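Below are the chains, spelled out letter by letter.
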Amino acid sequence: MLSSSARLSRRSAATQTSLHSRSAQTFKAFYATIRSLRQTYEPPEPDDVEPSEKDFILSLLRANPSLRDTKSYLASFGPRPQPPKPPAPKPEHSPLLADKDVAAQTETKPPDIEPSPSLVVASILNPVYRRTALVKIQAPFTDRQLESIARGMVYLEKLGLVSVIVVENDQLPKGEAGERVALVEETMRVVNALEKQGAQARPVLGAVVRLGPKPGDEDSTEQRDYILPEAHTFPSDLIHIRSALRAGEIPVLPPLALDSFCRSVRIDANDVIAALVRGMGEAAALDNTQVHGDESPSMFPDEIDLTPLRLMIINREGGVPSYARGGMPHLLINLTSEYSYIRDTFDPRWKAAHPTALSNLELARTCLAFMPPTSSAVMVSHRSPSHLIGNLITNKPAVSSSLPHALLQGNRKLTPHTPTLLRRGLPIRVVRGVDEIDKGKMKALLEQSFRRKLSEDAFWTRMERDLDFAIIAGDYAGAAIVTREQCPPGTSPAIAPITYLDKFAVLPSHQGDGTVDFLWVALHDETYGLGLPFSANPNGGKEGKGEGRDLVWRSRADNPVNKWYFERSTGHLRQGDWVLFWCDAEVRLKTEEGRRANAGLSYLEEWEQGRLATWSDVVMKIPSSWKPKA
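Since this is a predicted model, take the numbers as computed values, not measurements. (Residues numbered from 1 in each chain as written. Predicted model: local features only at pLDDT ≥ 70, side-chain atom pairs only at ≥ 80, totals over all residues. Heavy atoms only, no water.)

Pairs of aromatic rings are described using the distance from one ring centre to the other and the angle between the two planes. A complete count under the given rule lists 16 aromatic pairs for this structure. Where Tyr-226 meets Phe-370, the ring centres are 5.4 Å apart and the plane angle is 75°; that geometry is what we call edge-to-face. With Tyr-226 in the loop between strand E4 (210-211) and strand E5 (231-232) and Phe-370 in the loop between helix H11 (357-369) and strand E11 (376-381), the pair connects residues that are 144 residues apart, well separated along the chain. Both rings, one in Phe-504 and one in Trp-520, keep their centres 5.3 Å apart while their planes meet at 75°; by these two values the pair is edge-to-face. Taken as a pair, Phe-504 in strand E16 (residues 498-506) and Trp-520 in helix H16 (residues 515-526) lie far apart in primary sequence, 16 residues in all. The burial state of Phe-504 is the same as that of Trp-520; both residues are buried. Taken together, the ring pairs connect Phe-504, Trp-520, Trp-553, Trp-564, Tyr-565, Phe-566 and Phe-581 into an aromatic cluster. (Phe/Tyr/Trp six-rings, centres within 6.5 Å; stacked < 30°, edge-to-face > 60°. Helix = DSSP H or I, 4+ residues; strand = E, 2+ residues; numbered from the N terminus. Buried < 20%, exposed > 50% of the residue type's maximum accessible area, 1.4 Å probe, protein only.)

The buried count for E16 comes to nine of nine residues, which makes it a mostly enclosed element. Relative to E16, strand E15 (residues 478-485) is paired through eight bridges, and the arrangement is antiparallel. For Glu-485, the partnering residue across the bridge sits in E16 and is Ile-498. Here E16 pairs with strand E17 (residues 551-556) via two bridges, running parallel. Bridge assignment links Thr-499 to a residue of E17, and that residue is Leu-551. You can see the chain leave E16, run along H16 and come back into E17, and the turn it takes is right-handed. (Pairing = 2+ DSSP bridges. Right-handed = clockwise from strand over helix to strand, strands pointing away.)

Okay, the confidence of the model for the protein chain next. In this model, the protein chain carries an average pLDDT of 79, and 72% of its residues clear a pLDDT of 70 or more. Every residue in residues 18-51 is under pLDDT 50, and counting partners more than four places away or in other chains gives three contacts. (pLDDT = per-residue confidence, 0-100. Contact = heavy atoms within 4.5 Å.)

Secondary-structure assignment places Val-166 in strand E2 (residues 161-169). Leave out the neighbours within four places in its chain, and Val-166 touches Val-135, Lys-136, Ile-137, Leu-253, Pro-255, Ala-269, Val-272, Ile-273 and Leu-276.

This part takes up the sheet that holds strand E18 (residues 571-575). Within the open sheet, the seven strands sit side by side as E13-E14-E15-E16-E17-E19-E18. Their pairing is mixed. Edge strands, defined here as strands with exactly one partner in the open sheet, are strand E13 (428-431) and E18. Adjacent strand axes in the sheet meet at a mean angle of 25°, parallel and antiparallel pairs treated alike. Relative to strand E14 (residues 467-473), E13 is paired through four bridges, and the arrangement is antiparallel. Each bridged residue has a counterpart across the sheet, and for Ile-428 the counterpart in E14 is Ala-473. Each of E13, E14, E15, E16 and E17 is contacted by H16, which is oriented at about 165° to E16, the strand it contacts most. Along the sheet, helix H19 (residues 611-619) makes contact with E15, E16, E17, E18 and strand E19 (578-583), crossing E19 at roughly 125°. (Axes fitted to C-alpha atoms, helices over the stretch in contact; angles between N-to-C directions.)

The subject of this paragraph is the nonpolar core. If you look at the biggest cluster of nonpolar residues, it comprises 58 residues, and the most contacted ones within it are Ile-165, Leu-194, Ile-471, Leu-501 and Leu-523. A per-element tally of this core places helix H6 (residues 143-158) first, with seven residues. Apart from the residues lying within four places of it in its own chain, the contact partners of Leu-501 are Ala-480, Ile-481, Val-482, Trp-520, Leu-523, Leu-551, Val-552 and Trp-553. (Core = buried A, V, L, I, M, F, W, Y, C linked by side-chain atoms within 4.5 Å.)

Turning next to the side chain of Thr-233. Examined against the element boundaries, Thr-233 turns out to sit in the loop between E5 and helix H8 (239-246). A distance of 2.8 Å separates the side chain of Thr-233 from the backbone oxygen of Val-208, its partner in a polar contact. Of the polar contacts made by the side chain of Thr-233, one reaches the side chain of Asp-237; its length is 3.5 Å. Thr-233 has contacts with Val-208, Val-209, Leu-238, Ala-275, Gly-279 and Glu-282, leaving out every residue within four places of it along the chain. (Polar contact = N/O pair within 3.5 Å; in protein donor to acceptor, adjacent residues only side chain to side chain.)

Here the focus is the side chain of Glu-447. Locating Glu-447 in the fold gives a position in helix H14 (residues 439-450). With near-sequence residues (within four places) excluded, Glu-447 lies in contact with Arg-452, Lys-453 and Leu-454.

Attention shifts here to the pattern of salt bridges. Tallying each qualifying case throughout the model produces 30 salt bridges. Of the charged contacts in the structure, one is a salt bridge between Asp-143 and Arg-189, with a shortest N-O distance of 2.8 Å. Of this pair, Asp-143 sits in helix H6 while Arg-189 sits in helix H7 (residues 179-196), and the two are 46 residues apart along the sequence. Given a relative accessible area of 59%, Asp-143 falls into the exposed group. (Salt bridge = Lys/Arg side-chain N within 4 Å of Asp/Glu carboxyl O.)

The next subject is the sheet that holds strand E12 (residues 420-423). Pairing within the open sheet is mixed, and its eight strands lie in the order E3-E6-E2-E1-E9-E11-E12-E10. Looking along the sheet, the strands with just one partner apiece sit at the ends: strand E3 (201-203) and strand E10 (332-334). On average, each strand axis in the sheet is tilted by 20° relative to the strand beside it, whichever way the strands run. Here E3 runs beside strand E6 (residues 250-253); their pairing, made up of three bridges, is parallel.

It is worth spelling out the environment of Arg-349 at this point. Tracing the chain through its elements places Arg-349 in the loop between helix H10 (335-344) and H11. With a relative accessible area of 71%, Arg-349 lands in the exposed category. Residues Arg-349 and Gly-327, spaced 22 residues apart in sequence, show a C-alpha to C-alpha distance of 9.6 Å. Within polar-contact distance, the side chain of Arg-349 engages the side chain of Asp-347 at 2.7 Å.

Here we take up H6. Helix length check: H6 (16 residues) gives 22 Å between terminal C-alpha atoms against 22 Å at 1.5 Å per residue, within 8%. Taken as a whole, H6 has its buried residues at Leu-146, Ser-148, Ile-149, Ala-150, Gly-152, Met-153, Val-154, Tyr-155 and Leu-156. (Expected span 1.5 Å × (residues − 1).)

Another aspect to go through is the packing of H6 against H7. The contact between H6 and H7 brings their axes to 8 Å, and the two run at 60°. Here H7 runs oblique to H6, going by the angle between their axes. Here H6 and H7 pass one another in a crossing that is right-handed. Across the interface between the two elements, Asp-143, Leu-146, Ala-150, Met-153 and Val-154 from H6 touch Arg-189, Val-190, Ala-193 and Leu-194 from H7. For the contact of H6 with H7, a count of residues per class yields seven nonpolar, no polar and two charged. (Parallel < 35°, antiparallel > 145°, perpendicular 65-115°, else oblique. Left-handed = near helix turned anticlockwise from the far one by under 90°. Nonpolar A, V, L, I, M, F, W, Y, C, P; charged D, E, K, R; others polar.)

Structural data, given as structure tokens:
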């Protein structure tokens, strides 16, 4: 037997071994925990959610809509407010009631069971208001590509946008034997792809448009900046489309039209879509007239508004290439002011990779002329179906076109497949004298935008003295006013005079429709982007000729727009209740970077010395343009 001391020694050794082992395990567990914290956490995939549902939810989250975007979406697709019920007529002579009857009528319910209207319940009971979109699918696509496109159409339908699809096959020559059979087969492929994604689709194989211009178009003297389609349709021709939409089905059409002999012939899909956009808008206007004019409207209670809200062009080539981005796609196009210039600057070398870019650009201009002002068109590759959801909810491009050009070039979101958003837009013009400004309209714009009363005499006196130029969008839907602020004597010519953004205003009714981006791009081209080849836009300004200047402006520290300014400025400086922003002249930066090659720019360049102090001193002394608040 072991002695007691030996047993104690052995037990002590075993205890130390156990503690050492336990310590090692604890260290391993601790290390494993730390290591797991360094790795990206990937939550387990839920088994009760279909992959398509997860993609749908992720697409909604990626859209990241603002409060204004959400309100705009609900205004188009949310439940409509019900008209208040008229009060019940009171009898002229109230009958005499016994005491118990009076007590029964005057009895009130306890507060905890009084009925109260619930907005949530009202939203659930009232169905989502459904709208329509015209979709052009430029085949051929593989089955996998069609699956991706169909998934995007199903997502849109869940959000209330029902597609009317026209299928085109770019590789099917016109006039060949069997082309009708091939078109029907392509149409059925799209129908099958939609049904595999859970949608209900209906092939509409008969022609719903008529060949030739609409009667009366040739005699019209109306001035147009678009080309009328070579086809037309009447409300009675849309019966099959209406029937499909009422049944909750997505109509899918081949590009066919009836000729003068009532024969069904193949025509360009662009003419079919343009005729449908025009005809569906006219039919919707007629429906609204009947609803408001008749006591018993003939419309079905579940009728879908036929007015097209979106035009979607899905192809393999993506958006319209831009000369400003070296062939990468335009992000946002103002068709009213940019259409001709985009055509003129289209590089012939892009034709091979983008054979239908210009024809689709023309299609968008024609269709948007017949669509509501808030509508938009999007040209998107089959690789980016999720962008359709973001466009529907926000009605904005995937990446803002007013962001700094260098940021756009390095942004991972900007790829050859980034979609192009097209809007009817507004004309943009540059004026350089106060006498060219409509003071009444400018005053109304500034006061509505800033919600302040303009001190007119002081403001216009200052403009007469310091105005450099003003950029005006449309009929004063938006404006940017730039002044030249004088600096103290002896200030370096690299700093003086200061190009100061005095006012940047957009009417509330045009906020969110692209006017803000259109204005800022024009402001870039006239100030800190001047001298760059892609600043040569025909808006009546300098057309890219000249030397760029630093742009400086100030904003209240509590201004909610500052987040937007932070993203577009080169830098900012907080000054008490104000924030001073600036954008560096881009040509100067590019010149210095090119001269120094790999050395790059220093933290403080020679021309930057003292400029912040000068800017702050001059800008903070600029008097307010507003009357004191009451």
